[in-house]
Amino acid sequence: MSIIVITAIIASLFLVIGAAEPLAARLRLPYSVILAVLGMLIGAGAIFFLRTELTDALNPIAEAIVNLPIRSNVFLYVFLPTLLFQATLGMNLRRMLDDWVPILVLAVLAVIVATLSIGIALSWASPLPLAACLLIGAIVSTTDPSAVVSIFRSISAPRRLARIIEGESLLNDAAAIALFGLFMGFVMLGLPDPDLTSALGRFPILIVGGALTGWLAAQLAVLIMGFFADHERAQISVSVALPYLAYLGAEQTVGASGVIAVVAAGLTVNLAGPGRLAPQAWASLREIWDLLAHWAGALIFILAALLIPRLLEEVRGSDFVLVGVVIIAAMAARALILFGLLPLLTLLRVSPAVQPSYRVAILWGGLRGAVTLSLALAVTESFLVPIEIKRVVGILATGFTLFTLMVQGTTLRFVISKLGLDRLLPIDEALSRQVVAVALQTVREDVARTTENYELTREIVRSEAKHFGETMNQAVQAAEDRADILERDRITLGLIALAGHERDTILVRMRERTISARMAEKVLTDADRLIEATHSGGRNGYQRAARRSIAYGLGFRIGVALQRRFRLSQPLAGMTADRFELLLSQRLILRDLGGFIDGRILRIHGRRVADLLGELLIRRAEMVETALEGLRLQYPGYAEELERRFIRRTALRLEEREYMSMRDDGLIGAEVYTSLMQGLVTRRSASENRPELDIEIQRSELVKNFPLFVDIEETALKKLGRSLKTVYVNAGKIIVRKDDAAKSVFFIASGAVELESAGQTWRLGRGEMFGQMAILTHKARRTQVRAIAPSTLLVLDADRFQRLLQRSPTLRQAVLASAKRRGIDPELLLPDSPAET
């Protein structure tokens, strides 16, 4: 076949792809359905013109279409890595990690259940060997969520729900292809009844081997991209090579799953990329991959659809029965997961509650697509698979895919409408009417100013003003007639809007580079959590999410344990530095939100709601400031360096803006502008380097400056610094319980605690201690101590405290003063003779 003809056909397919998207929007059908229909029509038309005697004029084109070199390897080795890699780059992984349990269970377990259900059902209904039936089950078990996710987004379904569906689809592709490889091997070896235990036992090996291969390849790629810091195109080129090399390395060298390798590589780049690449380079890389994936996804679908008429040429009447068996078994397996397992995960509090109507939509939206057709094509091309098995696999996979596309895909929006998922909730309807009324009033003021500035004809102005006034009055009347939004709901809606504006502000600050890309991802994740928590829990949900954003997490506790037990300070230092920068970024963002409350929130929800939101914002800002002050007190020199770095970055952004303004005004030419920007880029690269944090040195300095240790000599102070342990606690955590054994004394390095004993409470802050009374009186603790702010504590065991007490007059005075406040005889506390430290 001439290369010219192939080029012309491929170019024409791009025209079809370009026309499919607006056509899908006009017909309100999923994009994948339109692509499949167009592909089938082209394929069927080519076969028709080759076999008809009406005309021979189109035979060369039809023959070229029919004989296009479309092989399964093209799909699996060229298109599939592109789709998987882009999908992982586009994910918000920090939010995905919140739901990793339901995503993994729904993805892996759902694929296994569907494979077994379809395989066993087919083995009962057909003479095919069990291995071939399980192979068909693996082929059709993977889903394409694009249709249901796009519709969920268009009807403002919960983001968390769409995220779980996307995560499930990404991983179930990998799981299905891994199972396909297993059962394909059994079929080619001619084994009629495979040992399912051994087959599933090899499954984790494929997963782990692929994950390690992808992770190692991505780490190397990110390292190389870091060396090309000033060459954006070189970085993008490395990223394009990565998924293909990871796929081939896992499949051909390691013998593991190439799909898992690509997913692991994409996840690794997603996590490491924003911190290693400049913001503009990272944004460009994402844009390039979005375009590549759009083309790859469309081509894989339309080329696979071209093959459908050929795959169905040998269909028999009995095959329709088997297709029905596959449809029923697949739907039953998916229903079991959605209506059996998903509610169970919700009861166990590892998955969000999903309404039954949403579960029905997910069930009906489980479309199959190009991956299923590609795997079926791989079976039909194999010389080691018996002819009858190839025929049945091709027909059943194609028939089931057609059913999901032509029946489920075309009726999905109708089903969603019947379920009522496309209608606004009463609260949203009431809010929309009020928003329209407020917006039209603002528009009227702006239009009045515009007509004055342009001195338009008075008659036209009066006519349009009258028409606009009538529209506005109707909107205001509708809002007043149905002003049925409770104040509690107004607060919830206001907080959702506030969190949304916070997210927009973060994006603006990220573009201005006053917030680093590394921290922007984290604060964006926190903003998403605020929105979702407010949706589900109102004001309390917002406050819980706000507290969580500044709390010490599991990673921090692991870092402390590594530092304490193995003297590995680097993980803890990195997380502490991240926490510093995160709190600085949050403080910057929160200060930008007050104007939004005084403007938009006030106009829509009224003064009372605006004042309440303002108070919540103030309290949140105080929490951030308290946490930041605690770190600043603990690491004073480091906090100062970070703040200096922030100021330098801001100054560079303002300088860049001035150069751009001068260039746009024609004050400087392109040559001068380029020279100035080159110098700016060099200085910006230097400013992006974050100062190192040495935990050991910082703790020694902290002990040296601690008020209670001021009179201890230098040698003893160094020994004390090595003896003290650092403990980080979140607000609300109980540090000491009543009746606990007295083994340690706690010194507050930052934060604050509340002590409760005999119905009385009092608070202690930085520089104070607690826990010493029980040790000195040799009695069980009668006090409960709870952190009331994120706090850093220095902990000293009882024996070392006793010896330290003999060394330090300042510490003895503090103990005596504390005893007097609590009505304890000081003579009962202090030992009589000094001891060696």
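Residues numbered from 1 in each chain as written. Predicted model: local features only at pLDDT ≥ 70, side-chain atom pairs only at ≥ 80, totals over all residues. Heavy atoms only, no water.

What about the overall build of the protein chain?
Looking only at helices and strands, the protein chain features 32 helices and eight strands. For the protein chain, the proportion of its 837 residues judged to be buried stands at 49%. Sequence-distant contacts in the protein chain: of pairs separated by 6 or more residues, those separated by 24 or more amount to 80%. Per element, the accessible surface of the protein chain, about 40300 Å² overall, is 59% carbon and sulfur. (Helix = DSSP H or I, 4+ residues; strand = E, 2+ residues; numbered from the N terminus. Buried < 20%, exposed > 50% of the residue type's maximum accessible area, 1.4 Å probe, protein only. Contact = heavy atoms within 4.5 Å. Areas by Shrake-Rupley, 256 points an atom, 1.4 Å probe, with all protein chains shown as cover.)

A word on a nonpolar patch on the surface
Side chains of Leu220, Leu223, Phe227 and Phe228 sit close together on the surface and give an oily, nonpolar patch of about 420 Å² of accessible area. Relative to the assigned elements, phenylalanine 227 resides in helix H10 (residues 196–227). You can call phenylalanine 227 exposed: its relative accessible area is 65%. (Patch = residues over 30% accessible without salt bridge, like charges linked within 9 Å, V, L, I, M, F, W, Y side chains within 5 Å. Salt bridge = Lys/Arg side-chain N within 4 Å of Asp/Glu carboxyl O.)

A closer look at the nonpolar core
In terms of nonpolar packing, the biggest core is built from 100 residues, with Leu122, Ile139 and Phe180 touching the most fellow members. Of the residues forming this core, the biggest block, 15 residues, is contributed by helix H9 (residues 159–189). Non-local contacts of isoleucine 139, meaning those with residues more than four positions away in its chain, are made with Phe180, Thr372, Leu375, Ala376, Val379, Val393 and Ala397. If you look at the next biggest cluster of nonpolar residues, it comprises 39 residues, including Tyr542, Ala545, Leu584 and Leu613. (Core = buried A, V, L, I, M, F, W, Y, C linked by side-chain atoms within 4.5 Å.)

Re the side chain of serine 549
Mapping serine 549 onto the fold places it in helix H21 (residues 517–550). Beyond its immediate chain neighbours, meaning those up to four positions away, serine 549 contacts Lys522, Asp526, Leu582 and Gln586.

Let's talk about the pattern of salt bridges
Counted by the stated rule, this structure contains 10 salt bridges. Between aspartate 319 and arginine 391 there is a salt bridge, and its shortest N-O distance comes to 2.8 Å. Of this pair, aspartate 319 sits in helix H14 (residues 317–347) while arginine 391 sits in helix H17 (residues 387–418), and the two are 72 residues apart along the sequence. With relative accessibility at 2%, the residue aspartate 319 sits in the buried group. Here arginine 800 and aspartate 797 are joined by a salt bridge, their closest N and O atoms 2.6 Å apart. Overlapping salt bridges bring together Asp319, Glu388 and Arg391 as one network.

Remarks on the environment of alanine 250
In this structure, alanine 250 sits in helix H11 (residues 232–254). You can call alanine 250 buried: its relative accessible area is 0%. For the pair alanine 250 and leucine 206, spaced 44 residues apart in the sequence, the C-alpha separation amounts to 9.1 Å. Contact partners of alanine 250, with chain neighbours within four places excluded, come to Thr213, Gly255, Ala256, Ser257, Gly258 and Ala261.

Let's talk about helix H7 (residues 130–140)
Burial within H7 is extensive, with 10 of its 11 residues counted as buried. Taken residue by residue, H7 has Ala131, Ala132, Cys133, Leu134, Leu135, Ile136, Gly137, Ala138, Ile139 and Val140 as its buried positions.

Digging into the packing of helix H6 (residues 100–125) against H14
Running from amino to carboxyl end, H6 crosses H14 at an angle of 145 degrees, the nearest separation of the two axes being 8 Å. The chirality of how H6 crosses H14 is right-handed. In this structure, H6 uses Pro102, Val105, Leu106, Leu109, Ala110, Val113, Ala114, Ser117, Ile118, Ala121, Leu122 and Ala125 to contact H14, whose residues at the interface are Leu322, Val325, Val326, Ala329, Ala330, Ala333, Leu336, Ile337, Leu341, Leu342 and Leu345. (Axes fitted to C-alpha atoms, helices over the stretch in contact; angles between N-to-C directions. Left-handed = near helix turned anticlockwise from the far one by under 90°.)

Section: the environment of leucine 583
Note on placement: leucine 583 falls in helix H23 (residues 570–590). Here leucine 583 falls in the buried class, since its relative accessible area comes to 1%. Apart from residues no more than four positions distant in its own chain, leucine 583 is found in contact with Ile550, Val624, Ala627, Leu628 and Leu631.

Quick look at the sheet that holds strand E5 (residues 760–764)
Here we have four strands laid out as an open sheet, ordered E2-E7-E4-E5, and antiparallel in their pairing. Whereas interior strands pair on both sides, the edge strands pair on one side only; in this sheet they are strand E2 (734–736) and E5. The average undirected angle you get between the axes of adjacent strands in this sheet is 30 degrees. Of the strand pairs in this sheet, E2 and strand E7 (residues 784–787) are connected by two bridges, and their pairing is antiparallel. Note on E7: the bridge partner recorded for valine 736 is valine 785. (Pairing = 2+ DSSP bridges.)

Structural notes on the packing of H6 against H7
Where H6 contacts H7, the axes come no closer than 7 Å and their chain directions differ by 140 degrees. The orientation of H6 relative to H7 falls into the category oblique. Handedness of the H6/H7 crossing: right-handed. Contacts between H6 and H7 involve Thr115, Leu116, Ile118, Gly119, Leu122 and Ser123 from the former and Leu130, Cys133, Leu134, Ile136, Gly137, Ala138 and Val140 from the latter. Among the residues forming the contact of H6 with H7, the class breakdown is nine nonpolar, four polar and no charged. (Parallel < 35°, antiparallel > 145°, perpendicular 65-115°, else oblique. Nonpolar A, V, L, I, M, F, W, Y, C, P; charged D, E, K, R; others polar.)

What to know about the packing of aromatic side chains
Within the structure shown, the criterion is met by four aromatic pairs. Ring centres 5.1 Å apart and planes at 75 degrees place the aromatic pair tyrosine 77 and tyrosine 247 in the edge-to-face group. Here tyrosine 247 lies in helix H11 and tyrosine 77 lies in helix H4 (residues 72–89), a separation of 170 residues in the sequence. Of the residues examined, tyrosine 77 reaches a relative accessible area of 27% and is grouped as partly exposed. (Phe/Tyr/Trp six-rings, centres within 6.5 Å; stacked < 30°, edge-to-face > 60°.)

Considerations on the pairing of strand E8 (residues 791–797)
The element E8 is largely enclosed, with a buried count of six among its seven residues. Strand direction decides the pairing type here: strand E3 (residues 744–750) and E8, joined by six bridges, are antiparallel. Across the sheet, the residue bridging to valine 745 is leucine 796, located in E8.

Quick notes on the sheet that holds E8
What the four strands build is an open sheet, ordered E1-E8-E3-E6; its pairing is antiparallel. Every interior strand has two partners, whereas the edge strands, strand E1 (725–729) and strand E6 (769–770), have only one. Looking at chain direction, E1 and E8 are connected through five bridges and run antiparallel. Opposite valine 729, over in E8, you have serine 791 as the bridge partner. Contacts from helix H31 (residues 798–807) reach E3, E6 and E8 within the one sheet, and its direction differs from that of E8 by about 85 degrees.

A short note on the environment of alanine 178
You can see alanine 178 is positioned in helix H9. The class of alanine 178 is buried, set by a relative accessible area of 4%. When the C-alpha atoms of alanine 178 and serine 257 are compared, they prove to be 6.1 Å apart, with 79 residues separating the residues in sequence.

Examining helix H2 (residues 31–51)
For H2, built from 21 residues, the straight-helix expectation of 30 Å at 1.5 Å per residue is met to within 8% by its first-to-last C-alpha distance of 31 Å. Residues of H2 that are buried: Ser32, Val33, Ile34, Leu35, Ala36, Gly39, Met40, Gly43, Ala46 and Ile47. (Expected span 1.5 Å × (residues − 1).)

Re the confidence of the model for the protein chain
In this model, the protein chain carries an average pLDDT of 77, and 80% of its residues clear a pLDDT of 70 or more. Across the protein chain, element-level confidence peaks in H11 with a mean pLDDT of 89 and bottoms out in helix H8 (residues 146–154) with 60. A low-confidence stretch, residues 832–837 stays under pLDDT 50, and its non-local contacts, those more than four residues away or across chains, total 10 contacts. (pLDDT = per-residue confidence, 0-100.)

Topic: the pairing of E3
Among the seven residues that make up E3, seven are buried, leaving the element largely enclosed by the rest of the structure. Alignment of E3 against E6, held across two bridges, turns out to be antiparallel. Among the inter-strand pairings, phenylalanine 747 is bridged to a residue of E6, identified as methionine 769.

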